[in-house]
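Secondary and tertiary structure notes
Spelled out, the chains give:
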Amino acid sequence: MASPLPPYASSLQIGWYYAFRVICGLIFFFLIFPILVIVPLSFNAQDFFTFTPEMLALNPEGYSLKHYRDFFTNPDWQLALWNSVTIAPAATLIATVLGTLAAIGLSQAHVPYKSAIMAILISPMIVPLIISAAGMYFFFSRIGLQGTYLGVVLAHAALGTPFVIITVTATLVGFDRSLTRASASLGADPVRTFFKVQMPLIMPGVISGALFAFITSFDEVVIVLFVGSASQKTLPWQMFIGLREQISPTILAVASVMVALSIALLFTLELLRRRSERLRGLAPG
Amino acid sequence: MSTVSETSHSALPDDGVVRAADGTPLKKSLARALRREKLRSFMLIAPLLAFIIIAFVAPIADMLFRSVENSIVRDTLPETVETLADWDPQSGELPDERVFAALYRDLQIAVEQRIHTRVGSRLNYQQPGMSGLFRGTGRDVRRMDEAGPFKPQFLETDEDWAEIETWAVIKRYSPTYTPGYFLNAVDAELTAEGVELKPQNERIYITLFNRTMVMSLIITFSCLLLGYPIAYLLAHLPMRSANVLMILVLLPFWTSLLVRTSAWKVLLQQQGVINDFLVWINLIDDAGRLVMINNQTGTIIAMTHILLPFMILPLYSVMQTISPSYVRAAKSLGATDWTAFWRVYFPQTVPGIGAGAILVFILSIGYYITPELVGGTSGVFISNRIAYHISTSLNWGLAAALGTILLGLVVVLFWVYDRIVGIDNVKLG
C-alpha cells in the first residue's frame, strides 16, 4: 500500500486500491463527523438540533451566539464549570505525585510482589465505573465523605493514578540507570539526583500522565453522580442531566468548548511525545 | 552503598571469604544493600498503595460484602429468629404461641425505634406483600393485649400471619448471611423446596446479562470491522501522512465521552441531521423517518464510535511491527494478493485483534452513561440496572450482587487480557 501501484497492476488491483481508500475515508468520516458537526450546530439561532434553511444558505441571521451566552451567564452551568476546574486539578495533583513516586518505586530492580502490587494499583482503571461508583457511594457514606468535595477529589484521584503509573513506567523503561550512578559518584545526594537528573528526563511521561488524570476527572460523570451531591456537580454532570431530562441547545455550545479543549490537549501530548523521542535520541516521527 | 571505614590491609582473617571494603563478608553486605533497596522502593510505593486500598479497594470490598450481608431480620427481630429456629416449615403447622409472643416483644421495641418497616421492605424483595404486612402490624401492635395469648391477636390483625409461607420467609432470611441477593440476580429464588428458577416471564436479569453480552459482542465486532482497515492503512502509509491521519483517531479518543454521546443524540434524532439528510436526498419520505435512538441501534452506533479508538490503537501497534518482507516473499512464491493477506499477513495480526477485542469487550460490558442516554428501555445494559437499584429502588443488596457478578466477569476477562497482552504493555495515546 505504501508505494503507488506498480505498472503491471491488474484492473482489479487498481479498483481495490481505490475502493479501500474510499472505505477508509468513510470510516474516518464516521470517527470525526459527529464531533465536528456539533460545532456549527452550536451557533444555531433557533433551538433546533439540525441545520435550518437559513444556516444552509449561510445567512448570517441563521447564526447566533446565544447558546454560548447562556453557558457563560447561566448560574447552573457556571457552578458546574467552576466545580470542574477546581476538582480536576486537585485530583490531578494527588494522582500525579503519588503515581510518579509509585512508578519510580516499581521500576526498581527488586520489588517483592511486584505484579500483585501492580494489579492493585491498576485496578481503578479496570473495574467498571458503575461498580466503583456503587462501592464508593456506600463506603464514603459510612465515613462521611459522600457529598463532599474531598470525597469527589479522592475518588477522581484514585481513578487517575493508573494512567500516571502507566505513562511514567513507560518513560522509565528507557531510562539509563548509569545516569543516576554518575550523579551519585559526583557527590549528589539521592534527592538532588532525583530532581536534577531523573525528573527532567521522565518529565514528558509525568506530564502526559497528569493530562490523562486531568481529563479522567474532567470527563468523569458516573462517580461524581454517586459520590457527589448537587453542590459538587461538574460539567459532565450538568451535561448528563441536560441530556437525560430534555436536551437544551446550550449543551452543544458546551460540547464545542470541550472539543476545543481536547484539540489543545491532543497537541500538547503530541509535542510531549516528540520531545520525549528527541531526548531518547530517536528521530521525531 | 557500604560505608568505607577500614581498608583491606587491616588485620583480617585470611579464611577465603570474599569481603567488602569495610570487612563484612560480601554476601552479607550485598544482602543488606538489597534489603535497603527493597525497603526504599517499598517506601516509594507505600503512599499510593495505602491510598488506593483506602479509597478504592475498601469500597469495592464493602460493596461485595453487601451482596451477602443480611442482618436486618436478625437485628430487628432477635427473639423471634431464635424461637423460630425450632419450627419446621415442612410440618404444615403455624409456629406456636411462644414464637408469636417473641414477635410481639420484638415488634414493640422495633416500633418504638421506628425500624419495623425496614424488615418489611427487606423481606418484600423476597416476598411481595411483606412490606404492607409489617407496616400494618406495626400500627396495631400497640393496641394488643399485653397478657396474651398473642397468636389469635396477630391472626386478627392480618391474615397473612396465618400463612405458613410468611413464617417460612422470615425463617429463611434470618441467618446473618444470605445467598438471596445472588439468587435474585440470576433470576432464581430460595423456596421451601430449595433453589428454583423464577417463572420464564419474570427472568429479567438473565435477559439483561444476555443482552449486555450480545450487544457488547456486536459492538466489539463492529469495532473490529471498522478498525482493521484503518489500522492497516495507518501502518502502511509513510510515517508523515500516518501521523496526520492518526489525529483523526486520537481526536475522538480525547474528546469527552459526554460530548460524543450528545453528538449522537443530536444526530440520530428523528428531527436530527441524519434523518433530515436522508429526507433531503429522497431516500426516505418525511413520514418514514428512521427511529435510530432510544433503542439498541442507538447504543450500538454510539458505543462503536466511542470504543473504536481502543480497537485501532492496539491493532496499529501490532501491525507496525510486521515486516513487509513476509508478504513480499509470499507473493514472489506465487500467492495472489488475497492469499498473501489471508494466509500470511492476517495470522500475524491476531494478537492485535485479541488485545483490541478483549479491551473493547471489557470496556463495553461495564458501560453506563451511553446506554442510559441513547439506549431507551431496550438498549440498556446491566450497569443501568445496578444504578437503578442503588438510586431508585434502594435494593442495595441486589445492586451489590449484580455488581459482584459483573466484576467477576470483568476480572476473568482481564486475566485473559493480561495473559495475552500483559498489563505492562498497555499503551496510551
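Only a predicted model underlies this, so the values are computations on that prediction, with no experimental measurement involved.

Some points on the UniProt feature "domain: ABC transmembrane type-1" (unreviewed entry) in chain A
- Annotation from UniProt places "domain: ABC transmembrane type-1" (unreviewed entry) at residues 81-269 of chain A.
- Secondary structure within residues 81-269 of chain A divides into 81% helix and 0% strand; the distance between the first and last C-alpha atoms comes to 23 Å.

A word on the interface of chain A and chain B
- Contact residues are listed per partner, giving 87 residues for chain A and 84 residues for chain B.
- With both sides pooled, the region where chain A packs onto chain B buries about 8000 Å², and carbon together with sulfur makes up 83% of that total.
- There are 2 salt bridges connecting chain A and chain B.
- A salt bridge links B:Asp62 to A:Arg142, with the nearest nitrogen and oxygen atoms 3.1 Å apart.
- Taken together, the links from chain A to chain B amount to 9 residue pairs in polar contact (both at pLDDT 80 or more).
- Top element by residues in the side of chain A that touches chain B is helix α1 (residues 11-41) of chain A. It accounts for 15 residues.

Side note on the packing of helix α3 (residues 66-73) of chain A against helix α4 (residues 75-106) of chain A
All names here are of chain A.
- Running from N to C, α3 and α4 point in directions that differ by 65 degrees, and their axes come no closer than 5 Å. Relative to α4, α3 is oriented roughly perpendicular. For the pair α3 and α4, contact is made by Phe71, Phe72 and Thr73 and by Pro75, Trp77, Gln78 and Leu81, respectively.
- For the contact of α3 with α4, the per-class residue count stands at 5 nonpolar, 2 polar and no charged.

Structural notes on the nonpolar core
- With 162 residues, the main nonpolar core has A:Leu121, A:Ile130, A:Met239, B:Phe51, B:Trp254 and B:Ile369 as its most contacted residues.
- For A:Ile130, the residues in contact, after removing those within four places along its chain, are A:Val222, A:Phe226, B:Tyr368, B:Ser383, B:Ile386, B:Ala387 and B:Leu406.
- If you look at the next biggest cluster of nonpolar residues, it comprises 26 residues, including B:Leu77, B:Val111, B:Met130 and B:Tyr173.

Let's talk about the UniProt feature "domain: ABC transmembrane type-1" (unreviewed entry) in chain B
- Taken from the UniProt record, the annotation "domain: ABC transmembrane type-1" (unreviewed entry) applies to residues 209-417 of chain B.
- The annotated region residues 209-417 of chain B carries 78% helix and 0% strand content, and the separation between its end C-alpha atoms amounts to 21 Å.

Quick word on the UniProt feature "transmembrane region" (unreviewed entry) in chain A
Residue and element names in this part refer to chain A.
- Mapped onto the present numbering, the UniProt feature "transmembrane region" (unreviewed entry) falls on residues 20-43, 80-104, 116-140, 152-175, 201-227 and 247-272.
- With 100% helix and 0% strand, residues 80-104 has its two end C-alpha atoms placed 35 Å apart.
- The span residues 116-140 is 92% helical and 0% strand by assignment, and the distance between its end C-alpha atoms comes to 25 Å.

Analysis parameters
- Residues numbered from 1 in each chain as written.
- Chains lettered and ligands numbered in written order.
- Predicted model: local features only at pLDDT ≥ 70, side-chain atom pairs only at ≥ 80, totals over all residues.
- Heavy atoms only, no water.
- UniProt positions renumbered as here; feature names shortened; annotations may be inferred.
- Helix = DSSP H or I, 4+ residues; strand = E, 2+ residues; numbered from the N terminus.
- Contact = heavy atoms within 4.5 Å.
- Buried area = accessible area lost by both parts, 1.4 Å probe.
- Salt bridge = Lys/Arg side-chain N within 4 Å of Asp/Glu carboxyl O.
- Polar contact = N/O pair within 3.5 Å; in protein donor to acceptor, adjacent residues only side chain to side chain.
- Axes fitted to C-alpha atoms, helices over the stretch in contact; angles between N-to-C directions.
- Parallel < 35°, antiparallel > 145°, perpendicular 65-115°, else oblique.
- Nonpolar A, V, L, I, M, F, W, Y, C, P; charged D, E, K, R; others polar.
- Core = buried A, V, L, I, M, F, W, Y, C linked by side-chain atoms within 4.5 Å.
- Buried < 20%, exposed > 50% of the residue type's maximum accessible area, 1.4 Å probe, protein only.

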